[in-house]
Amino acid sequence: MTEMSSSSSPSSDEMIELARRLLDLAADVIAENAPHVRAIVAETTELVFCPRAVAKQLALAVALETGALTLEQLQRAFHAVSSNFSTRSRLIRQLLREQSTAATQDEWMDLAERIDNVQGNDAWRSDPHCPLYESDRISSRIDEFVHLMRRRDIFDLMFTLRGGIARNKFGLLHEGLFSKAMAGSKVLVETYHNVVCAALDFVCDAPVSPRDGPIPTEARLAFFNETRHSYGRSALLLSGGAALGFYHAGVIKALMLNGLLPRVMGGASAGSIVCAMIATRTDEECMRDLFQARGTTAPGHSGALKFNFFRPHETERQATKRERLRKRESTLKSDIKDSFRNSAGMLSDARRTVHVFFPAGLRQGAA
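Small disclaimer: the values here were computed from a predicted structure and weren't measured.

Undergrad: An account of a negative patch on the surface is needed here, citing residue identities and associated values.
TA: Residues Glu-98, Asp-106, Glu-107, Asp-110 and Glu-113 make up a contiguous surface patch of negative charge. Here the negative patch takes four residues from helix 5 (residues 105-119), the largest share from any one element. Locating Asp-110 in the fold gives a position in helix 5.

Have a look at this one:
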């Protein structure tokens, strides 16, 4: 039995030879089908990753971007050259220069209206029709508010206001309405906001009609709380920008002088510093510390910024100590000046003595 099993099982040499033949056969098969395998791999890569299509799209995108930038630069150059030969362009540039040095918001707005008049944007503002917002619905809502106020129907007015005002209703916040003219948006948009404000004032102050009973103060407060919750609050966000962040001070000054500075403020980087300056002071302190400090002649600048905004208030003891140190520093400086003056006098006396006892001829001979 042992001899039969040993004779029937292959030896190690036979196994090695069999494996070698199998490897040779596999190599021959791969060599014969290598072109087909490469073609299959290439087709699969092309279908999955599309390198040629991606490269073509990238090249096309780069070419389009380069062409657009080149065209924009050419347009700017042509506009800069042609503006020198146009009276209208020269007038606009002059008004823009005056606007950049405006000291108040009213002066800036007057110049903005003149620029819009020259550019023809005042006609765009007066025309209520525009595809950017729903002018017909806004006009009908204005008429509805005015009609309710004339009738003194305060209950219907409160009901209409509670569910009828929103920030972006009828497309009122479309950016195209605020990027065309410098003096403002469409006159219809401004009229709508003015009428809504008048309606809110009417609800707050106006008496009710004789046929209706008085409205409790709690009901009016609840109405304003609900309306404010649905409408939301405005917030002022100040961006960063290193030294350019101090331009936020001019924006805040204009908002504060016009009573439009929001109660919610935030900022990043340099904007957070300016925000901290404003948020830790009252309006009177802001006007005194930030906007009325003189000391510069830069155009359009109201004064020099101080560097002691974040210093804490000194106590009497700290003030006395600081005054003592200041006097000591002043005394030390005067002593140093006196010592230098005495040293200069001693040096002058030494030179005079040398000239007396050693004439010029003797000094030259000794040399």
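Undergrad: If you had to explain helix 5 to someone new, which residues and values would you point to?
TA: The end-to-end C-alpha distance of helix 5, which contains 15 residues, comes to 21 Å, matching closely the 21 Å that a straight helix rising 1.5 Å per residue would cover. Residues of helix 5 that are buried include every one of Leu-111, Ala-112, Ile-115 and Asp-116, and no others. On an axial view of helix 5, the arc spanned by its buried residues comes to 145 degrees, and they lie on one face. Exposed residues pointing more than 90 degrees away from the buried face of helix 5 are listed as Asp-106 and Asn-117.

Undergrad: Give me the nonpolar core: which residues, what numbers.
TA: One finds Tyr-133, Ile-138, Phe-145, Leu-157, Leu-161, Tyr-192 and Val-203 to be the most contacted residues of the largest nonpolar core, which totals 26 residues. For this core, the secondary structure elements donating two or more residues are helix 7 (135-151), helix 8 (154-164) and helix 9 (187-205). The element best represented in this core is helix 9, accounting for eight residues. Beyond its immediate stretch of four places on either side in the chain, Tyr-192 contacts Ile-138, Arg-141, Ile-142, Phe-145, Gly-164, Ile-165, Phe-170 and Leu-172.

Undergrad: Break down the packing of aromatic side chains for me, citing the residues and quoting the values.
TA: This structure, assessed with the given rule, holds two aromatic pairs. On the basis of an interplanar angle of 85 degrees and a centroid distance of 6.5 Å, the ring pair of Phe-170 and Tyr-192 is categorised as edge-to-face. Residue Phe-170 is located in the loop between helix 8 and helix 9, and its partner Tyr-192 is located in helix 9; the two are separated by 22 residues in the primary sequence. Residue Phe-170 is classed as buried on the basis of its relative accessible area, which comes to 6%. Look at Tyr-192 and you get buried, because its relative accessible area is 2%. Measuring from centroid to centroid gives 5.0 Å for Phe-223 and Phe-224, while their planes differ by 65 degrees, and the two rings are edge-to-face. Judged by relative accessible area, which is 0%, Phe-223 ranks as buried. Judged by its relative accessible area of 25%, Phe-224 falls in the partly exposed class. Directly above the aromatic system of Trp-124 lies the positively charged group of Lys-186, at a separation of 4.4 Å from the ring centroid.

Undergrad: Which residues make up the packing of helix 7 against helix 9, and what values go with them?
TA: Running from N to C, helix 7 and helix 9 point in directions that differ by 25 degrees, and their axes come no closer than 10 Å. Taken as axis vectors, helix 7 and helix 9 run roughly parallel relative to one another. Here helix 7 and helix 9 pass one another in a crossing that is left-handed. Residues Ser-135, Ile-138, Ser-139, Arg-141, Ile-142, Phe-145, Val-146 and Met-149 of helix 7 lie in contact with helix 9, whose contacting residues are Leu-188, Thr-191, Tyr-192, Val-195, Val-196, Ala-198, Ala-199 and Phe-202. Taken together, the residues of the contact of helix 7 with helix 9 break down into 12 nonpolar, three polar and one charged.

Undergrad: Tell me about the pattern of salt bridges, residues and numbers included.
TA: Tallying each qualifying case throughout the model produces seven salt bridges. Here Glu-190 makes a salt bridge to Arg-125, at a shortest N to O gap of 2.9 Å. In this pair, Glu-190 is assigned in helix 9 and Arg-125 in helix 6 (residues 121-126), connecting sequence segments 65 residues apart. The class for Arg-125 is buried, based on a relative accessible area of 13%. The partner of Glu-323 in a salt bridge is Arg-326, and the shortest N-O contact between them spans 2.3 Å.

Reading the values: rules and limits
- Residues numbered from 1 in each chain as written.
- Predicted model: local features only at pLDDT ≥ 70, side-chain atom pairs only at ≥ 80, totals over all residues.
- Heavy atoms only, no water.
- Patch = residues over 30% accessible without salt bridge, like charges linked within 9 Å, V, L, I, M, F, W, Y side chains within 5 Å.
- Areas by Shrake-Rupley, 256 points an atom, 1.4 Å probe, with all protein chains shown as cover.
- Salt bridge = Lys/Arg side-chain N within 4 Å of Asp/Glu carboxyl O.
- Lys, Arg positive; Asp, Glu negative; His and termini not counted.
- Charge placed at Lys NZ, Arg CZ, Asp CG, Glu CD.
- Helix = DSSP H or I, 4+ residues; strand = E, 2+ residues; numbered from the N terminus.
- Expected span 1.5 Å × (residues − 1).
- Buried < 20%, exposed > 50% of the residue type's maximum accessible area, 1.4 Å probe, protein only.
- Arc of directions from axis to C-beta.
- Core = buried A, V, L, I, M, F, W, Y, C linked by side-chain atoms within 4.5 Å.
- Contact = heavy atoms within 4.5 Å.
- Phe/Tyr/Trp six-rings, centres within 6.5 Å; stacked < 30°, edge-to-face > 60°.
- Lys NZ or Arg CZ within 6 Å of the ring centre and 35° of its normal.
- Axes fitted to C-alpha atoms, helices over the stretch in contact; angles between N-to-C directions.
- Parallel < 35°, antiparallel > 145°, perpendicular 65-115°, else oblique.
- Left-handed = near helix turned anticlockwise from the far one by under 90°.
- Nonpolar A, V, L, I, M, F, W, Y, C, P; charged D, E, K, R; others polar.

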